[in-house]
Amino acid sequence: MVFTEPTGIRQRNFKVRDYHLAATLDSGQAFRWNPQGTTWTGVIGHRWVRLTPTGAFILAESSSEPGDWHWLEEYLQTRVDLDFVLQQLPSDPVLQQALRTHRGLRLLRQDPWECLASFILSSTKQITQIKQIVERLCRRYGVPVRTPAREAVIHAFPGPDRLATLSEPDLRALGMGFRAPYLLEAARRVAAGRLDFDQLRQVSLDEARAVLMDLPGVGRKIADCVLLFALGFNQAFPVDVWVLRALRSAWFQNRPVPLSQVVRFAESHFGAQGGYAQQYLFHHMRTQPAVQRFGSLT
DNA sequence: GTCCAGGTTCACG
DNA sequence: CGTGAACATGGA
């Protein structure tokens, strides 16, 4: 069912099962979604998008010609059978607690360039600050996106070709500090075709990770974020400070285990769909008061 | 004013 | 190879 409103907005209802839109869009995977009540507004590619969960559906609105809407199903991963995925995860009580609490949280499938650039900017930044700096970058260097009447102007994420023309001072002027040269080099490498995301999808996890980690400012954690949130490597398990805390606390009895050992453990222990486990644990750590995070276990 | 943030790099021992 | 400090900036 597709129809057009007088304002030029195209709408479509997507039937979904087990889809927690708020948790998905607000769990630190993507940084450009803003809530107004239960409605979320953002940009996917060059399209303004508004999403509203309504029972068994997600109402999607776009101001640009949406075509068959496949781009949105791909982004939201609405076709993924969540039960099939989650049943592959270990039965550890702590993990199961997080799965129950945030049932319906999904991994998105984002644009690799936007994902890489955003996470280069994420290092030692709070999520609110990451959103701010990404927004500043889009407003300054992204092209305006077609928006419905009365809606605020919004910009697409600037492509690598655009950022590659800038200088380090240009980027530092946006307040990204020591991350500026990292972002610039990434943009240049992608713009020049020396980093090809389509190629990364064809190789093994280890090979793709090595290519990403060859970028300055991209270590294991940021590489795993891109592998998981954009390239479809569901085994990738980014370990940041929050997930590190969760793992040390629940799987290592709070012993000061080295980060490298925790990382090694995580990827083998959580298996082929470990990335989903990681995202549930991360969101759980960030949303639950410390005392009730893991039920009676801590 | 202090502490810390979805880390990475580099210089040590 | 494991550890610790430096790196910019600003929110809480």
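Here the structure is a predicted model, which is why all the values come from computation and not from measurement. (Residues numbered from 1 in each chain as written. Chains lettered and ligands numbered in written order. Predicted model: local features only at pLDDT ≥ 70, side-chain atom pairs only at ≥ 80, totals over all residues. Heavy atoms only, no water.)

(A) Region of the structure containing the packing of aromatic side chains. Scanning the model with the defined rule gives nine aromatic pairs in all. Centroid distance tryptophan 251 to phenylalanine 270: 5.4 Å. Interplanar angle 70 degrees. Geometry classified as edge-to-face. Here phenylalanine 270 lies in helix H14 (residues 259-270) and tryptophan 251 lies in helix H13 (residues 241-251), a separation of 19 residues in the sequence. For tryptophan 251, a relative accessible area of 13% corresponds to the buried category. (Phe/Tyr/Trp six-rings, centres within 6.5 Å; stacked < 30°, edge-to-face > 60°. Helix = DSSP H or I, 4+ residues; strand = E, 2+ residues; numbered from the N terminus. Buried < 20%, exposed > 50% of the residue type's maximum accessible area, 1.4 Å probe, protein only.)

(B) How the structure looks around the protein's contact with DNA strand B. Lining the immediate surroundings of DNA strand B are 32 residues, of which Gly28, Gln126, Ile127, Gly219 and Gln278 lie closest. Atoms of DNA strand B within 4 Å of the protein belong to the sugar or the phosphate in 60% of instances, the rest to bases. Here a phosphate oxygen of DNA strand B sits 3.0 Å away from a polar atom, N or O, in the main chain of glycine 217. The contact in question runs from a phosphate oxygen of DNA strand B to an N or O atom on the side chain of arginine 245, over 2.7 Å. Elements with a minimum of two residues in the surface near DNA strand B: helix H6 (127-141), helix H12 (220-229), H13 and helix H15 (274-287). (Near = heavy atom within 4 Å. Polar contact = N/O pair within 3.5 Å; in protein donor to acceptor, adjacent residues only side chain to side chain.)

(C) Seen up close, the state of the cysteines. Here the structure, examined in full by the defined rule, presents zero disulfides. No disulfide involves cysteine 115; its sulfur sits 6.8 Å from the nearest other cysteine sulfur, which is in cysteine 225. Just so you know, cysteine 138 is unpaired, no disulfide at all, and the nearest cysteine sulfur is the one on cysteine 115, 14 Å from it. Among the residues examined, cysteine 138 registers a relative accessible area of 0% and is labelled buried. (Disulfide = S-S within 2.5 Å.)

(D) Fine view of the pattern of salt bridges. The full count for this structure, using the stated rule, is 19 salt bridges. With its nearest N and O atoms 2.9 Å apart, the salt bridge here joins glutamate 168 to arginine 172. Of this pair, glutamate 168 and arginine 172 are both found in helix H8 (residues 168-172), four residues apart, which corresponds to roughly one turn of the helix. Using a relative accessible area of 29% as the deciding quantity, one classes glutamate 168 as partly exposed. By relative accessible area, which is 40% here, arginine 172 ends up partly exposed. Members of the salt-bridge network, linked through shared partners, are Asp206, Arg209, Arg220, Asp224 and Glu267. (Salt bridge = Lys/Arg side-chain N within 4 Å of Asp/Glu carboxyl O.)

(E) Region of the structure containing the side chain of arginine 50. Looking at the secondary structure, you find arginine 50 in strand S5 (residues 47-54). A distance of 3.0 Å separates polar atoms of two side chains, one belonging to arginine 50 and the other to glutamate 151. Setting aside residues no more than four positions away along its own chain, arginine 50 makes contact with Ile9, Thr39, Trp40, Thr41, Leu59, Ala60, Glu61 and Glu151. (Contact = heavy atoms within 4.5 Å.)

(F) Up close: the domain arrangement of chain A. Segmenting chain A into domains produces domain 1 (2-80), domain 2 (81-101 + 233-298) and domain 3 (112-229). Between the C-alpha centres of domain 1 and domain 2 there is a distance of 28 Å. Summed over both partners, the interface of domain 1 with domain 2 comes to about 670 Å²; 48% of that surface belongs to carbon and sulfur atoms. Among the residues of domain 1 in contact with domain 2, Asp18, Ser27 and Val80 are the three that bury the most area, contributing 62% of the side total. (Domains from an automatic or database assignment. Buried area = accessible area lost by both parts, 1.4 Å probe.)

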